[in-house]
There are 2 protein chains.
Amino acid sequence: MKNSQKKQNVSGADLGVLLNTPAVPMRQPRTTRTTQTIGQILAAAERVFAEAGLAGATMAQLAAACGLPKANLHYYFGTKEALYTEVLQTILTLWLDAADAIHPAASPRAALTAYISAKMAHSRTRPYASKVFANEVLHGAVHLRSYLGLELRRKVDEKAVVIEGWITRGLMDPVDPRHLFFLLWAMTQTYADFDAQMAAVLAVPSLGSADFAVGEALILRLVLRGCGLGHDLKGTDR
Amino acid sequence: MKNSQKKQNVSGADLGVLLNTPAVPMRQPRTTRTTQTIGQILAAAERVFAEAGLAGATMAQLAAACGLPKANLHYYFGTKEALYTEVLQTILTLWLDAADAIHPAASPRAALTAYISAKMAHSRTRPYASKVFANEVLHGAVHLRSYLGLELRRKVDEKAVVIEGWITRGLMDPVDPRHLFFLLWAMTQTYADFDAQMAAVLAVPSLGSADFAVGEALILRLVLRGCGLGHDLKGTDR
DNA sequence: GTCTATATATCGATAGAC
DNA sequence: GTCTATCGATATATAGAC
């Protein structure tokens, strides 16, 4: 932890706008081969970082996961931490858009349903991404401070205005919009982050699509009813 | 990772019943001084493991956190992993009891309210414990396999029967009891585990008791209404 | 029981051949 | 761009004086 300043040109502290800020100074226009290799490394790294965390993952593991020598990873990304922040970037760009189901023209019921469905799809299809993000926030979000405090906060503020508008127009019951988001994130992401616990409690080797369906139905039930939108709920969630 | 078999007498694999199974063979009856020292180490370790994870925490950090030389920690616990599993133990014993608010004689509304309140109190008063647990599950729960699959599963099965009974007697709407637990855990624990994200979105340095109160009220609202228990909800959650 | 000093392993990162 | 070999730093764990 003392050699942090030695070579790394990217650390949590100097992440600026964060998005569209490559961790490594852009070299010459990349060849297709190079782009492919980088993509493979990032995909493999997402899984390794999800399973071991930043500190727990070793360059040897990361290299083995994508079938390359360690030196190649250093060639492309410089340091382990730089590779990690690039993995985080790809996750963030993937995520911010989901909330756009929530816009003034939509009905609260349709918007919340679509948002929950999208978030559950993310947990089902990209569980490693969710775990990397969860691990980062869990340990203080030191590599995400600017993202959380600037871009995410801005997005949430924007969506909170939409929800406040729905409430003012009497379209849904009054609830705190930001805490509603906190709970939506918690309920949907837990199906990716805590799958080990769920599988153990359910006595299954791993979660299946049926488990996700039951969970999504229950989340919908709680949220829609909790917001006063559950008047014509069809069926139950089991 | 190759020297795992060298000295450690406790690893995730050979945790038996887990509770009441000391990680280190019990020495002679402990003196008050020794018990105190062990308690201080465990308390400090909970915080360090919460902030850095098992892999990220170093013996030097752990030693500094409790003001002792590294060698003393090795004297009491043998290995870092053994110290970690003991920290996990103390957390588990603290947690299993909260669910006992849910028993057949209670009303669903009172039981769920008490359970949510207890879980939120845990997130507020023992956030480090929650984070250590979250980190462990996030990375596959390799040190908790037997606990999750035996004791926790047994407890959840038991409480699921209680909830099924309430449903059968028409005291609450039909919901999947196990997934209800998953969501209750997610919503309450997120106030400990993801506090960094919440603080950033809310633009505050850290969460205060008011934030916990708003969160608890909203969780109550969603759960009680979602279970058909919200007929006479007093007030709103903001 | 407590502590300093140190052995040994492993990690991140790099040098330099190809 | 790719890879092998290796350096230097840091980590866990222990030896042994007190």
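Reading guide: rules and limits
Residues numbered from 1 in each chain as written. Chains lettered and ligands numbered in written order. Predicted model: local features only at pLDDT ≥ 70, side-chain atom pairs only at ≥ 80, totals over all residues. Heavy atoms only, no water. Least-squares fit on C-alpha atoms with pLDDT ≥ 70 in both. Contact = heavy atoms within 4.5 Å. Helix = DSSP H or I, 4+ residues; strand = E, 2+ residues; numbered from the N terminus. Axes fitted to C-alpha atoms, helices over the stretch in contact; angles between N-to-C directions. Parallel < 35°, antiparallel > 145°, perpendicular 65-115°, else oblique. Nonpolar A, V, L, I, M, F, W, Y, C, P; charged D, E, K, R; others polar. Salt bridge = Lys/Arg side-chain N within 4 Å of Asp/Glu carboxyl O. Buried < 20%, exposed > 50% of the residue type's maximum accessible area, 1.4 Å probe, protein only. Buried area = accessible area lost by both parts, 1.4 Å probe. Polar contact = N/O pair within 3.5 Å; in protein donor to acceptor, adjacent residues only side chain to side chain.

Colleague: When you look at the relation of the copies chain A and chain B in this model, what are you seeing that I'm missing?
Modeller: Between the two copies of the chain lies a rotation about an axis combined with a shift along it. Expressed as a screw operation, the relation of chain A to chain B combines 0.0 Å of axial shift with a rotation of 180°, fitting to an RMSD of 0.1 Å. Taken together, the rotation and translation relating the two chain copies correspond to the operation of a two-fold axis. Interface residue correspondence from chain A to chain B reaches 100%, placing this contact among same-surface, isologous pairings.

Colleague: What is the right way to look at unusual backbone geometry in this model?
Modeller: For residues that are not glycine, phi is negative in most cases, and the peptide bond is trans in most cases. Located in the positive-phi region is A:A203, a residue other than glycine, with phi close to 60°. Within the secondary structure, A:A203 sits in the loop between α9 (195–202) and α10 (209–226). Phi at B:A141 takes a positive value of approximately 55°, unusual for a residue other than glycine. Relative to the helices and strands, B:A141 resides in the loop between α6 (127–138) and α7 (145–168).

Colleague: What exactly am I supposed to notice about the packing of helix α1 (residues 32–56) of chain B against helix α3 (residues 70–77) of chain B here?
Modeller: In a packed pair of helices, the relevant descriptors are the angle between the two axes and the axis-to-axis distance. Residues and elements named next belong to chain B. Relative orientation of the contacting elements α1 and α3 amounts to 110°, with a least axis distance of 11 Å. Here α1 lies roughly perpendicular to α3, going by the angle between them. Contacts between α1 and α3 involve T34, T37, I38, I41 and L42 from the first element and L73, Y76 and F77 from the second. Tallied by class, residues from the contact of α1 with α3 come to six nonpolar, two polar and no charged.

Colleague: Looking at this model, I keep getting lost on the pattern of salt bridges. Mind explaining?
Modeller: Once the charged atoms of two side chains with opposite charge are near each other, the side chains can pair. Per the counting criterion, the structure on display carries 18 salt bridges over all chains. Across the pair B:D100 and B:K159 runs a salt bridge whose closest N-O atoms are separated by 3.2 Å. Within this pair, whereas B:D100 is found in the loop between α4 (80–95) and α5 (108–125), its partner B:K159 is found in helix α7, the two being separated by 59 residues in sequence. The class for B:K159 is buried, based on a relative accessible area of 4%. Between B:K159 and B:E158 there is a salt bridge; the shortest N-O distance is 3.3 Å. When salt bridges with common partners are traced through the structure, they connect A:D100, A:K155, A:E158 and A:K159 into a single cluster.

Colleague: Could you clarify how one ought to interpret the interface of chain A and chain B in this entry?
Modeller: Size of an interface: often given as the accessible area lost when the parts come together. Every contact between the two is made by 62 residues of chain A and, on the other side, 63 residues of chain B. Carbon and sulfur atoms make up 68% of the area that chain A and chain B hide from each other, which totals about 5,400 Å². The tally of links from chain A across to chain B stands at four salt bridges. Between B:D173 and A:R225 there is a salt bridge, with its nearest N and O atoms 2.6 Å apart. Our count for the contact surface shared by chain A and chain B stands at nine residue pairs in polar contact (both at pLDDT 80 or more).

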